[in-house]
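One-letter residues, chain by chain:
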Amino acid sequence: MKIAIQSMLIKLHGKDGLSPRVDTRWVVLACSLLFGMAASAATPYGAVSLPFTLHQVQGTPVYYIEGLSGVPDSVNEGHTSNAGFVVTEAGVVVFDALGTPALGYRLLQRIREVTDKPIKCVVVSHYHADHIYGLQAFKEHGNAPTVVAQRGTLGYAGGTADSQGEDAARRLEQRRQALFPWVDEKTFIVAPDEVFDQEMRFELGGVQFEVRHLGPAHAPGDSIMLVRNYGVLFGGDVLYGGRVPFLDSPETDVERWLTGLDYIAGLKDQMRYIIPGHGTMSEDAGQVVEATRDYILYVREAMGRAVRDFVSFDEAYRNTDWSRYEKLPAFDGSNRGNAYRIYLDEEARSVK
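Residues numbered from 1 in each chain as written. Predicted model: local features only at pLDDT ≥ 70, side-chain atom pairs only at ≥ 80, totals over all residues. Heavy atoms only, no water.

(A) Just the overall build of the protein chain, in detail. Of the regular secondary structure elements, the protein chain holds 10 helices and 12 strands. Considering the protein chain as a whole, with its 352 residues, one finds that 53% of them fall into the buried category. Look at the contacts in the protein chain between residues 6 or more apart in sequence, and 67% of them connect residues 24 or more apart. Summed over all atoms, the accessible surface of the protein chain reaches about 15500 Å², with 50% contributed by carbon and sulfur. (Helix = DSSP H or I, 4+ residues; strand = E, 2+ residues; numbered from the N terminus. Buried < 20%, exposed > 50% of the residue type's maximum accessible area, 1.4 Å probe, protein only. Contact = heavy atoms within 4.5 Å. Areas by Shrake-Rupley, 256 points an atom, 1.4 Å probe, with all protein chains shown as cover.)

Here you go:
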């Protein structure tokens, strides 16, 4: 069924985008009706037809969902990020909530398949759409657990803190077009209930949690969560597992990002598993940190050299050897934008 829907969408809009004469929302809705997608995993927010496999970290009460690589669209139904949860004797701690209310509801269903203990809080790594729209399902169907995030995320949700840079209302409207019917006019942004500045430690059911702010890196609010009892680190979008990171934002701070990676590397004796914000879980913490760091440094060196030599971006990008990265997931969707963002940053630095 899913293959047929994907085929129809590709024929309608090709690989690079829909024809401006085609309304994506009605195409997806028509496909849903034609092929009975609603008969798959039904939620109050629309059916989820993609596989939604729950993984357990071996020997621990820690679970996670792994998203698909790529930009959120109607084919992947917005399922591009990771999320997870930890079951304790006193309740459940969730980390991130996925990119649509429907996906958030499926995560809620998966939690209920494992335990009936109350969901105490949802820790949010950062306020980007692919990690937060699922909060709505927890608010409306999960007994509204406390949403925890770093103070810098308040600007995104309409608070008074420094703005995260991404226009939340504009992004929501874009996702209502790109991800209809999973994101629609009833979708709203859930603000954090509790914020912290640099670090927050807490205990629940005998399990020790440490949440630490490492941003601005990928985003101003970037935070990680270490589950100390089990040596599991939820890395958010500071870490990417086996795919190209996303640097293409005016709020990306490469220097702070690299400093954050150094901090994570210093936790090596406390980590057995890393669950990144995107990509696959790893038991090799050093490899995930180094892979993310190496990519950032490679792009910065190539673009910085071009700026110093007065080479245009197009020429610099064309002449850079991307062979070590071009087969990784998300390369086509992210690499050129990443390089251009860093090129602009290097230009700005060169005139200071």
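What follows picks up the thread again.
(B) Representation of the pattern of salt bridges within the structure. A complete count under the given rule lists 15 salt bridges for this structure. Between E301 and R308 there is a salt bridge, with its nearest N and O atoms 3.6 Å apart. The exposure class assigned to E301 is partly exposed, which follows from its relative accessible area of 39%. A single salt-bridge network, built from bridges that share partners, covers E199, R201, E210, R212 and R228. (Salt bridge = Lys/Arg side-chain N within 4 Å of Asp/Glu carboxyl O.)

(C) Region of the structure containing the nonpolar core. Ranked by size, the top nonpolar core spans 39 residues in total, and within it I264, M303 and W322 carry the most contacts. Elements with a minimum of two residues in this core: β10 (223–227), β11 (232–241), α7 (254–265), α8 (285–308), α9 (313–319) and α10 (331–350). Considering each element in turn, this core owes the most residues, 11 residues, to α8. In this structure, I264 is in contact with L214, I224, L233, V238, L239, M271 and V289, ignoring residues within four places of it in sequence. (Core = buried A, V, L, I, M, F, W, Y, C linked by side-chain atoms within 4.5 Å.)

(D) Local environment of the pairing of strand β2 (residues 62–65). Along β2, one buried face is formed by V62 and Y64 and the opposite face, lined by Y63 and I65, is buried too. Pairing of strand β1 (residues 54–56) with β2, which is carried by 3 bridges, proceeds in the antiparallel orientation. Residue Q56 lies in a different strand from β2, and its bridge partner there is Y63. Judged from the 4 bridges that link them, β2 and strand β3 (residues 83–88) form a sheet pairing that is antiparallel. Residue V62 lies in a different strand from β3, and its bridge partner there is V86. (Pairing = 2+ DSSP bridges.)

(E) Structural detail: the confidence of the model for the protein chain. For the protein chain, per-residue confidence averages 88 on the pLDDT scale, and residues scoring 70 or more make up 86% of the total. Segment residues 1–39: pLDDT under 50, and 45 contacts once partners within four positions in sequence are set aside and those in other chains are kept. pLDDT under 50 marks residues 160–165. Its contacts with residues more than four places away, or in other chains, come to 17 contacts. (pLDDT = per-residue confidence, 0-100.)

(F) Expanded view of the environment of S223. Assignment of secondary structure puts S223 in strand β10. Among all residues touching S223, those that are not within four sequence positions of it are F95, S125, Q150, F196, V211, R212, H213, L214, G235 and G236. Among the polar contacts made by the side chain of S223, one reaches the main-chain carbonyl oxygen of G221 at a distance of 2.9 Å. (Polar contact = N/O pair within 3.5 Å; in protein donor to acceptor, adjacent residues only side chain to side chain.)

(G) Structural view of the packing of aromatic side chains. Applying the stated criterion across every chain, the model contains 12 aromatic pairs. Arranged with centres 5.0 Å apart and planes meeting at 90°, the rings of Y295 and Y325 form a pair that is edge-to-face. Of this pair, Y295 sits in helix α8 while Y325 sits in the loop between α9 and α10, and the two are 30 residues apart along the sequence. On the accessibility criterion, Y325 (7% relative accessible area) is buried. When the ring of F313 is compared with that of Y317, the centres are 5.8 Å apart and the planes differ by 40°; the resulting orientation is tilted. Taken together, the positions of F313 and Y317, both in helix α9 and 4 residues apart, correspond to about one turn of that helix. Comparing F313 with Y317 shows no difference in burial state: the two are buried. Above the ring of Y317, the side-chain terminus of R336 is found at 5.0 Å from the ring centroid. (Phe/Tyr/Trp six-rings, centres within 6.5 Å; stacked < 30°, edge-to-face > 60°. Lys NZ or Arg CZ within 6 Å of the ring centre and 35° of its normal.)

(H) Up close: the sheet that holds β11. The strand order across the open sheet built from 5 strands is β8-β9-β10-β11-β12, with neighbouring strands paired in mixed fashion. Where the open sheet ends on each side, the last strands, each with one partner, are β8 (199–204) and β12 (273–279). Strand-to-strand, the axes of this sheet are offset by a mean angle of 25°, without reference to chain direction. In this structure, β11 lies alongside β12, joined through 6 bridges in parallel fashion. Bridged to V232 within β12 is Y273. (Axes fitted to C-alpha atoms, helices over the stretch in contact; angles between N-to-C directions.)

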